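Working through the structure, step by step
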Amino acid sequence: TRHISPTVKPGDDFYTYVNEGWLKSTPIPKGGWERGAFGDLGEETRARVASLIREASGGLVGHLYASYRNRERIEKLGLAPIQKDLKGILASRTHRDIARYMADPRANALVAINVFPDAGNTRRSLVYLDQLERNNRVLGLPGREHYERKDGAFPGHRAAYVVYIASTLKRAGIEDGERRAADILALETKLAACQWSLEQLRDRKANYHLMTRKQLAVYASGFPWDTFLAARKVGHVQEVVLGTDSAVQAQAKIFGETPVAVWASYLAFHWIQNQVAFLPKAFEAASFDFYGR
């Protein structure tokens, strides 16, 4: 009862009535942006895992952890660990080149690719393709509304996103950062317009479209599926399940119509962003300033 508000009536605002004391007395952890039960549980879990790793300091896991924590060496290496990748991406000449890079788990891709039990025949598993990627999203902003809405904070978020992209590319020594940033926002705005809503994503039947590889190539013809699937080491599969099918179809059309140079800019920026935790502090801090704050 010590957190109950003495002034707010439960019928007016029950959340504040119950939590006002806690909200006023609980600080946000240094370097964080929120505080809650799940966050506290996560911190406790991370502390326990760190303790287990320290106990295994002489083994492979311990050495891997030590290299990850060696900030001095990370700063010394700079972008050297990914420089070859960035040069390769920016040297792409064909849409097939782009599709090969998109098959890399470190890249943002036109589609998410997973293996799940076939919902139509659970005795087997199939490759699933759809717009939703847990780690490396198709979009750099949280969702469709962030690209379309002109009210509230959305325009400011888009402007800040462009600044963040340009500064990241400049920090990486990639020229024409402002132009590339504008191209990336324009591209992602087109992709966002194709994506399914949260309500559509919850419709499991609508997200189950079983098709052969040949049917996929016809249905979403703008994307070099053979190249992408072969590079992802699943080039042998004959059937796939396509979720968010109309979204993927529309995005495949955009893929074929968008110049390779724009896709190269898109891939280069997200290649950096997706690995920012392993890069020098300047990259990680800038990422937190935009995404964390």
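Anyway, here's the lowdown on the structure attached to this text. Everything numeric in this text was worked out from a predicted model, so none of it was measured.

Attention now goes to the pattern of salt bridges. Evaluation of the coordinates by the stated rule reveals 18 salt bridges. Residues Arg106 and Asp85 are paired through a salt bridge, measuring 3.4 Å at the closest nitrogen-oxygen approach. Of this pair, Arg106 sits in the loop between helix H6 (95-102) and strand S1 (112-118) while Asp85 sits in helix H5 (residues 80-90), and the two are 21 residues apart along the sequence. Taking relative accessible area as the criterion, Asp85 reaches 18% and is therefore assigned buried. For Asp151, the salt bridge is made with Arg149, and the minimal N-O distance between the two is 2.6 Å. Classification of Asp151 as partly exposed rests on a relative accessible area of 36%.

Another aspect to go through is the sheet that holds strand S2 (residues 121-130). One open sheet accounts for 4 strands, arranged S1-S2-S4-S3; its pairing is mixed. Here the strands that pair on one side only, and so sit at the sheet edges, are S1 and strand S3 (210-212). Averaged over all adjacent pairs, the angle separating strand axes in this sheet is 40°, with direction ignored. Direction of pairing for S1 relative to S2: antiparallel, over a ladder of 7 bridges. Counted as the bridge partner of Ile113 is Leu129 from S2.

Time to look at the nonpolar core. In this structure, Met102, Leu129, Tyr161, Phe223, Trp225, Phe228 and Trp263 are the most contacted members of the largest nonpolar core, which totals 63 residues. Take this core: its biggest share by element is 10 residues, from helix H14 (residues 260-274).

Moving residue by residue along a regular strand, the side chains alternate between the two faces of the sheet. By the bridge criterion, 3 bridges tie S2 to strand S4 (residues 239-242) in an arrangement that is parallel. Within the sheet, the bridge partner assigned to Tyr128 lies in S4 and is Val241. By the bridge criterion, 3 bridges tie S3 to S4 in an arrangement that is antiparallel. Bridge pairing links Met211 to Val240 in S4.

Look at helix H8 (residues 154-171) against H14: their axes get within 10 Å of each other, and the N-to-C directions meet at 85°. It follows from the interaxial angle that H8 and H14 lie roughly perpendicular. Facing H8, whose interface residues are Tyr161, Tyr164, Ile165, Thr168 and Leu169, H14 presents Phe269, His270, Ile272 and Gln273. The residue inventory of the contact of H8 with H14, partitioned by class, reads 6 nonpolar, 3 polar and no charged.

Time to look at the packing of aromatic side chains. Per the counting criterion, the structure on display carries 16 aromatic pairs. A ring pair is formed by Tyr164 and Tyr291, whose centres lie 6.0 Å apart and whose planes are at 90°; its orientation type is edge-to-face. On the criterion of sequence distance, the pair formed by Tyr164 in helix H8 and Tyr291 in helix H15 (residues 281-292) is long-range, its members being 127 residues apart. For Tyr164, a relative accessible area of 6% gives the class buried. Judged by relative accessible area, Tyr291 falls into the partly exposed class, the value being 36%. Taking the centre distance of 4.7 Å and the plane angle of 75° together, the rings of Phe223 and Phe255 count as edge-to-face. Of this pair, Phe223 sits in the loop between helix H11 (213-219) and helix H12 (225-231) while Phe255 sits in helix H13 (residues 245-257), placing them 32 residues apart in sequence. Phe255 shares its class with Phe223; the two are buried.

Let us now look at the packing of H5 against H14. At a closest axis distance of 8 Å, the pairing of H5 and H14 adopts a crossing angle of 165°. Between H5 and H14, the crossing angle belongs to the class labelled roughly antiparallel. Note on packing geometry: the crossing formed by H5 with H14 is right-handed. Of the residues in H14, those touching H5 at Ile82, Asp85, Leu86, Ile89 and Leu90 are Ala264, Leu267, Ala268, Trp271 and Ile272. Among the residues making up the contact of H5 with H14, the classes are represented as 9 nonpolar, no polar and 1 charged.

Let's shift gears to the side chain of Ser287. The topology assignment puts Ser287 in helix H15. For Ser287, a relative accessible area of 7% translates into the label buried. In contact with Ser287, not counting residues within four places along its chain, are Tyr164, Gln273, Val276 and Gly292.

The rules behind these values
- Residues numbered from 1 in each chain as written.
- Predicted model: local features only at pLDDT ≥ 70, side-chain atom pairs only at ≥ 80, totals over all residues.
- Heavy atoms only, no water.
- Salt bridge = Lys/Arg side-chain N within 4 Å of Asp/Glu carboxyl O.
- Helix = DSSP H or I, 4+ residues; strand = E, 2+ residues; numbered from the N terminus.
- Buried < 20%, exposed > 50% of the residue type's maximum accessible area, 1.4 Å probe, protein only.
- Pairing = 2+ DSSP bridges.
- Axes fitted to C-alpha atoms, helices over the stretch in contact; angles between N-to-C directions.
- Core = buried A, V, L, I, M, F, W, Y, C linked by side-chain atoms within 4.5 Å.
- Parallel < 35°, antiparallel > 145°, perpendicular 65-115°, else oblique.
- Contact = heavy atoms within 4.5 Å.
- Nonpolar A, V, L, I, M, F, W, Y, C, P; charged D, E, K, R; others polar.
- Phe/Tyr/Trp six-rings, centres within 6.5 Å; stacked < 30°, edge-to-face > 60°.
- Left-handed = near helix turned anticlockwise from the far one by under 90°.

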